[in-house]
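Here are the chains, one letter per residue:
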Amino acid sequence: MTRTVLIIEDNPGIGELVRMQVSDLGMRAVLVDRGDTGLERFREGGIDLVILDLMLPGLDGLAVCREIRSCPGYVPVLMLTAKSTELDRVLGLEMGADDYLTKPFSVAELAARIKALFRRVDALSQGSSASKDVEEIQVDGLKIDPVRRRVFVNDREVDLTAREFDLLWHFASHRGRVFSRAQLLDAVWGYNHEGYEHTVNTHINRLRNKIEADPAEPRYVQTVWGVGYRFMD
């Protein structure tokens, strides 16, 4: 079945570039140039991936992403932004975006992100039944349920984005093992582009803010200076 990608981008040149790349990947591209129009099209159904600009007329990208995440079902969101500040990245990820790409970007980089997101969707689908045989992880007040994809800290449920859950599960499944940022990009995101290690940093900071009693002195996801990160041993 041909996948359908909804592209919400108000820059004609960038929108057409993304549309052509999606078509070259053998997918159906739907291109709209307004946030409100894009959200209406999404709600009609049949969308497998949303590529979403941050700055849009009608309704900005953050609001569109928030509305998409309030809809039933899971559809990955790749956010495009001309801004590169930490705040913009955090806001997009907090609204539920799975990944982001800062303009200008290469066609190869865009293709790698799209393929990685669909690999992740396929893995989630294939692993949904297999995960029923995987036991939950409990350690020091933290409980991770892989079947329902729910996380609790001291019996209080913590709301994680899909990517934050994947990152935490990867760490907890390899307790004590140290991972570099590049290794985490490969394992959790499915790609590794030089210069995008800050993607890992942003997600780990958000994850710590949600599960750690004191994010400045983390118990669960620990920093190994000069190397990377590990889950408590």
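Residues numbered from 1 in each chain as written. Predicted model: local features only at pLDDT ≥ 70, side-chain atom pairs only at ≥ 80, totals over all residues. Heavy atoms only, no water.

### Some details on the UniProt feature "modified residue: 4-aspartylphosphate" (unreviewed entry) in the protein
Link 1 in the chain: Here the UniProt-annotated "modified residue: 4-aspartylphosphate" (unreviewed entry) positions come out as D53.
Link 2 in the chain: As for its position among the elements, D53 is in strand 3 (residues 49-53).
Link 3 in the chain: Aside from chain neighbours lying at most four places away, what touches D53 is I8, E9, D10, G61, L80, T81 and K103. (UniProt positions renumbered as here; feature names shortened; annotations may be inferred. Helix = DSSP H or I, 4+ residues; strand = E, 2+ residues; numbered from the N terminus. Contact = heavy atoms within 4.5 Å.)

### Thoughts on the sheet that holds strand 11 (residues 221-224)
Link 1 in the chain: Spatial ordering of the open sheet is given by 10-12-11, a layout of 3 strands whose pairing is antiparallel. The sheet is open, and its two borders are formed by strand 10 (178-179) and strand 11, each paired with just one other strand.
Link 2 in the chain: Note: strand 11 against strand 12 (residues 228-231), 4 bridges, orientation antiparallel. Bridged to V221 within strand 12 is F231.
Link 3 in the chain: Against the sheet, helix 6 (residues 162-172) touches strand 10, strand 11 and strand 12, its axis set at about 70° to strand 12.
Link 4 in the chain: Contacts from helix 8 (residues 197-211) reach strand 11 and strand 12 within the one sheet, and its direction differs from that of strand 11 by about 135°. (Pairing = 2+ DSSP bridges. Axes fitted to C-alpha atoms, helices over the stretch in contact; angles between N-to-C directions.)

### Topic: the packing of helix 6 against helix 7 (residues 181-189)
Link 1 in the chain: In the contact formed by helix 6 and helix 7, the axes pass within 10 Å of each other and the chain directions differ by 115°. Viewed along their axes, helix 6 and helix 7 form a crossing whose handedness is right-handed. Two secondary-structure elements touch here, helix 6 through R163, D166, L167, H170 and F171 and helix 7 through L184, A187, V188 and W189.
Link 2 in the chain: Of the residues belonging to the contact of helix 6 with helix 7, the class tally is 6 nonpolar, 1 polar and 2 charged. (Left-handed = near helix turned anticlockwise from the far one by under 90°. Nonpolar A, V, L, I, M, F, W, Y, C, P; charged D, E, K, R; others polar.)

### Considerations on the environment of R19
Link 1 in the chain: Here R19 shows up in helix 1 (residues 12-24).
Link 2 in the chain: For R19, a relative accessible area of 28% translates into the label partly exposed.
Link 3 in the chain: With 11 residues separating them in the primary sequence, R19 and V30 have C-alpha atoms 7.6 Å apart. (Buried < 20%, exposed > 50% of the residue type's maximum accessible area, 1.4 Å probe, protein only.)

### Structural notes on helix 1
Link 1 in the chain: End to end, helix 1 covers 18 Å across 13 residues, agreeing with the expected 18 Å (1.5 Å per residue, within 8%).
Link 2 in the chain: Within the span of helix 1, buried status applies to I14, G15, V18, Q21 and V22. Buried residues of helix 1 fall within an arc of 130° about the axis and therefore sit on the same side. Those residues of helix 1 that are exposed and aimed more than 90 degrees away from the buried face are P12 and D24.
Link 3 in the chain: At the N-terminal boundary of helix 1, the capping side chain belongs to N11, with an oxygen 3.0 Å from the backbone nitrogen of G13. (Expected span 1.5 Å × (residues − 1). Arc of directions from axis to C-beta. Polar contact = N/O pair within 3.5 Å; in protein donor to acceptor, adjacent residues only side chain to side chain.)

### Comments concerning unusual backbone geometry
Link 1 in the chain: Residues K103 and P104 are joined by a peptide bond in cis, for which omega reads -5°.
Link 2 in the chain: Of note, P104 is situated in the loop between strand 5 (99-102) and helix 5 (107-130).
Link 3 in the chain: Its identity is not glycine, yet D140 carries a phi of approximately 50°, on the positive side.
Link 4 in the chain: Note on placement: D140 falls in the loop between strand 6 (137-139) and strand 7 (142-145).
Link 5 in the chain: A positive phi angle, near 55°, is found at R149, a position not held by glycine.

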